[in-house]
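Survey of secondary and tertiary structure
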Amino acid sequence: MSEQPSLIEYPCDFPIKIMGKAQQDFTQIALAIVKFHAPDFDTATMSARTSKNGTYLSLTCTIRATSRAQLDALYQALSSHPLVAVVL
């Protein structure tokens, strides 16, 4: 099977939503993963939102995506971390 061509034109600004339990280290761990795959990400641009009951935390990080491989690796790293529940 051949890979489908990307519908995204690189480089581009690409928002990533990361959701997980609102634990003490969640934000720092998620940001460390994002910064590893997108070193130029400005942490000051991240937005955070807590769920109604305070159980979950949603982080939105808009990175400058340079390739499909970069996004695939970032999604894989985030999705495989035990504190991360969902990555959109």
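Structural data are supplied above this passage.
Please read these numbers as outputs of a predicted model, since none were measured by experiment. (Residues numbered from 1 in each chain as written. Predicted model: local features only at pLDDT ≥ 70, side-chain atom pairs only at ≥ 80, totals over all residues. Heavy atoms only, no water.)

1. As for helix H2 (residues 68-79)
The end-to-end C-alpha distance of H2 is 16 Å, a good match for the 16 Å that 12 residues give at a rise of 1.5 Å each. Within H2 the residues assigned to the buried category are Gln 70, Leu 71, Leu 74 and Leu 78. Taken end-on, H2 shows its buried residues confined to a sector of 95°, consistent with a single buried face. Away from its buried face, by an angle of more than 90 degrees, H2 presents the exposed residues Ala 69 and Gln 76. Buried residues along H2 sit against strand S1 (12-21), helix H1 (26-37), strand S3 (56-65) and strand S4 (84-87). (Helix = DSSP H or I, 4+ residues; strand = E, 2+ residues; numbered from the N terminus. Expected span 1.5 Å × (residues − 1). Buried < 20%, exposed > 50% of the residue type's maximum accessible area, 1.4 Å probe, protein only. Arc of directions from axis to C-beta. Contact = heavy atoms within 4.5 Å.)

2. Some words on the sheet that holds S1
Strand order across the open sheet formed by 4 strands is S2-S3-S1-S4, with antiparallel pairing between neighbours. If you trace the sheet from one side to the other, it starts and ends with strand S2 (47-50) and S4, each paired once. Between one strand axis and the next, the sheet turns by 25° as a mean value, whatever way the strands run. Across 4 bridges, the pairing between S2 and S3 is antiparallel. Bridge pairing in S3 links Ala 48 to Leu 59. Each of S1, S3 and S4 touches H1; the most contacted strand, S3, lies at about 15° to it. (Pairing = 2+ DSSP bridges. Axes fitted to C-alpha atoms, helices over the stretch in contact; angles between N-to-C directions.)

Everything listed is a geometric property; what it means functionally is a separate question.
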